[in-house]
Amino acid sequence: MKSVPNGSMNGASERDPYNNNSYGTLVDSEYPIVSLPVLDVVDFNERIIRAYEDGTAENGLPADPAVSRSLIPAGTATLRDFSYVAPEIPEYVPANCTGCMECVTLCPDTAILGKVKGESEWEAMLGAIPDAADRGLFRRQWSEPRKYFEGPRKKIGEGGKFVIVIDPSKCKGCAECVTVCDDQALRMIPKDEDRMRDIRKNHRMFKESGPSDERFVSDKLLIDMMLKESSHVYVGGAGSCAGCGEGTALRMLCAATGAKYANDWGIVAATGCNTVYTSTYPYNPYLIPWSNSLFENAPAFAMGVRMRWDQMGWTEKPLWCIGGDGAMFDIGFQSLSRFLASGLNIKVFVLDTQVYSNTGGQASTSTYTGQNTKMSFHGKRYGGKQERRKEIAQIAMMHPRTFVAQTTCAHINHFYRSVLDALEFDGPALIVCYTTCQPEHGVADNVATEQARLAVDTRAFPLLVHDPRKGDSIRSRLSLRGNPAVSDDWWTDPKSGKPMDFIDFCRGEGRFAKHFDKQGRPSELLMRARDDRLENWRLLQELAGVRRFEFAVSARRGPSVQSE
């Protein structure tokens, strides 16, 4: 196993004998060095990170210029160890795997990793492992999914061997990977010393096995982009909650941007939950330039960065501005609108949890009607939030020549395509992404993907893309592709034969629990919220030219349909 004589944080140690907490996600790498007079990356990692990891920082770490300026080198979160936080860990079942890559894509913590190798390289790699027991252990981890093995073997004469490994130092045990795997190729198992030793060994041998064989990675299959090291711009070690929907969204955003631009781009992040778990000193999961702005002015901050970059000739360097619904729907909405009207080439990504996740779960203008949150508590007189949700995507569409998308991580191709199209668009772009907040939504750690899909299926959060390049009318520019039963009011679940509406979405979330009586019947307010979601969906249908409506009816009954 790799070991560094001087005991570097980037090498094996008594604390980390198999060097799981090392730089590089799929393969080992050195510290990314920067040229700043006030930041010595090696000193930071070896002195400051070490002090936080061994518990001595609180009492013995002196102040210095890097600390006083809140500077954190790239990727320091990779040196963080979360192996102690959960009693269970995923186990891979190679015989069941189809290589779909959903577990790798949807893990919020970069803890599920995949790789593909040609048969001849795979045999040579195994032969280079000196210990026979270790060699057998690692051999048993590899599978032969038709996607990588049978098809390529017929085409190029060699099949691809595929592997999934778990990084035990980054996994928080949320079980999201197990939930999204329809093939039952992952299962949760209790941690014990023998199992953890094997998992740590497998992860170490995985990182020493070299990169994926590019012959088996198709650029046309967006789901496969995380087989490449260049896509792992958001490394493990962020302090987000187990199963956090935001973590997955940020990973996928970074993967899509990194696949095209490597690390030659940047982020301006509005203060919020996303900045807390990605910059809790001294841990930084980003491998690109990142800066934290105030809660209310991230788009304005980004405008300044964009104009300075353009002055420097960096017009092709993408800039993302990230914030939650509080930052973008509420206090920073004026700043956002000002940016959208500017025509500047900045991309905004909204982590829409419908609640102020970072400050205790207060209501925002993104919050659904009836939702039980702080500032809109469910009580005897009022049953949660009384106002309707603000539809920021529709508002953004009314700004001059603005690309807009509304998407979720559960709809992987729609998500990736939205990000890539936004990057290709020469002008302002806004992507609104539905993300669960487990504690504030009152849902389990493993259901971020399930709830995001249900939000779309029940018209709570419709998918949409508004691309000004597609034509001169809203109808030609707006697409609702990706939503089920796009021409109907509600989608009917083929398994139950029942139309799925907003009430079905609410039943599984603690934030709406008080709206159901002992017989499971919804409150009048929740029925009004259902009508609101249907009205919003019908408006989108009309704008996209899917159906035509007359809107001169009562709110409770909903608008009537006028045939085309």
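Source: prediction; values computed, not measured.

Let us look at the overall build of the protein chain. When you go through the protein chain residue by residue, the secondary structure sums to 21 helices and 17 strands. Scaling as 2.2 N^0.38, a compact globule of 564 residues should have a C-alpha radius of gyration of about 24 Å, and the protein chain matches this with 24 Å. With the principal axes as the frame, the protein chain shows a C-alpha extent of 75 × 55 × 50 Å. Looking at the 564 residues of the protein chain, the share that counts as buried comes to 58%.

Our focus in this paragraph is helix α21 (residues 524-543). With 20 residues, α21 extends 29 Å between its outermost C-alpha atoms, agreeing within 8% with the 28 Å of an ideal straight helix rising 1.5 Å per residue. Phi turns positive one or two residues past the end of α21, at G545, with a value near 75 degrees.

Below, the discussion takes up the sheet that holds strand β10 (residues 403-408). Ordered by their spatial adjacency, eight strands build an open sheet running β7-β6-β8-β9-β11-β10-β12-β13, and the pairing between neighbours is mixed. Each edge of the sheet is formed by a strand with only one pairing partner; in this case those strands are β7 (290-293) and β13 (478-479). Bridge count between strand β12 (residues 464-466) and β13: two bridges; the pairing is antiparallel. Bridge assignment links H466 to a residue of β13, and that residue is L478.

Our focus in this paragraph is the side chain of S240. Among the secondary structure elements, S240 is positioned in the loop between α9 (193-207) and α10 (245-261). What makes S240 buried here is its relative accessible area of 5%. Discounting chain neighbours no more than four positions away, the residues touching S240 are D109, K172 and Y277.

All right, on to the packing of helix α6 (residues 132-139) against α9 then. The N-to-C vectors of α6 and α9 enclose an angle of 85 degrees; their axes lie 10 Å apart at closest approach. Judged by the inter-axis angle, α6 sits roughly perpendicular to α9. On α9, the residues touching D134, L137 and F138 of α6 are D198, K201, N202, M205 and F206. The residue inventory of the contact of α6 with α9, partitioned by class, reads four nonpolar, one polar and three charged.

Thresholds applied
- Residues numbered from 1 in each chain as written.
- Predicted model: local features only at pLDDT ≥ 70, side-chain atom pairs only at ≥ 80, totals over all residues.
- Heavy atoms only, no water.
- Helix = DSSP H or I, 4+ residues; strand = E, 2+ residues; numbered from the N terminus.
- Rg over C-alpha atoms; globule rule 2.2 N^0.38 Å.
- Buried < 20%, exposed > 50% of the residue type's maximum accessible area, 1.4 Å probe, protein only.
- Expected span 1.5 Å × (residues − 1).
- Pairing = 2+ DSSP bridges.
- Contact = heavy atoms within 4.5 Å.
- Axes fitted to C-alpha atoms, helices over the stretch in contact; angles between N-to-C directions.
- Parallel < 35°, antiparallel > 145°, perpendicular 65-115°, else oblique.
- Nonpolar A, V, L, I, M, F, W, Y, C, P; charged D, E, K, R; others polar.

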